[in-house]
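Residue-level listing of the chains:
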Amino acid sequence: MAAELHVEMVAADRSVWSGKATLVIARTTSGDIGVMPGHQPLLGVLESGPVTIRTSEGGTVIAAVHGGFISFSDDKLSLLAEIAELSDEIDVKRAERALERAKSEADAAAERRADVRLRAVAGGH
């Protein structure tokens, strides 16, 4: 059996995703990080950005995450986010409108949140 991580992604208001994975990629204040089974323990601060989870079944889960923490030890990875939305939960039209509104109001934080949502829908790029 291939080595795997147990992943829990939790937002302030709900459990977002839980399951087994072979790789998780997240954006931290120190840069993008990839966590695989056997990774050294870590605790980091999440930046707004897409989180990519490669599931043990070979699928991919992508979420837009806005702030929070990432911790890893003993092949258990926790993503504790202020806000987290799975890519298939994101309303693309609403995110596009929010992006345009943020640009017109010069609201950099809102623009970043809308951009992260749209990148998560586009596959994390």
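Residues numbered from 1 in each chain as written. Predicted model: local features only at pLDDT ≥ 70, side-chain atom pairs only at ≥ 80, totals over all residues. Heavy atoms only, no water.

A. Spotlight on the domain arrangement of the protein. Considered domain by domain, the protein is made up of domain 1 (5-87) and domain 2 (90-123). Summarising the inter-unit geometry, the C-alpha centres of domain 1 and domain 2 are found 21 Å apart. On the side of domain 2, 9 residues touch domain 1, which itself brings 12 residues to the contact. A buried area of about 890 Å², summed over both sides, lies between domain 1 and domain 2, and 60% of it is on carbon and sulfur atoms. (Domains from an automatic or database assignment. Contact = heavy atoms within 4.5 Å. Buried area = accessible area lost by both parts, 1.4 Å probe.)

B. Expanded view of the UniProt feature "coiled-coil region" (unreviewed entry) in the protein. UniProt marks residues 76-119 with the feature "coiled-coil region" (unreviewed entry), using the numbering shown here. Structurally, residues 76-119 is divided into 57% helix and 25% strand, and its ends, taken at the C-alpha atoms, are 26 Å apart. (UniProt positions renumbered as here; feature names shortened; annotations may be inferred. Helix = DSSP H or I, 4+ residues; strand = E, 2+ residues; numbered from the N terminus.)

C. Just the UniProt feature "domain: ATP synthase F1 complex delta/epsilon subunit N-terminal" (unreviewed entry) in the protein, in detail. Those places that UniProt annotates as "domain: ATP synthase F1 complex delta/epsilon subunit N-terminal" (unreviewed entry) correspond, in this numbering, to residues 5-83. Overall, residues 5-83 shows 0% helix and 77% strand. The separation of its end C-alpha atoms is 22 Å.

D. Examining unusual backbone geometry more closely. For D74, which is not glycine, the phi torsion reads 50° and is therefore positive. Here D74 is to be found in the loop between strand 6 (60-73) and strand 7 (76-86). You can call D74 exposed: its relative accessible area is 67%. Phi angles above zero are rare outside glycine, and A106 is one such case at about 55°. Structurally, A106 can be placed in the loop between helix 1 (92-104) and helix 2 (108-121). Accessibility expressed as a relative area gives 68% for A106, which makes it exposed. (Buried < 20%, exposed > 50% of the residue type's maximum accessible area, 1.4 Å probe, protein only.)

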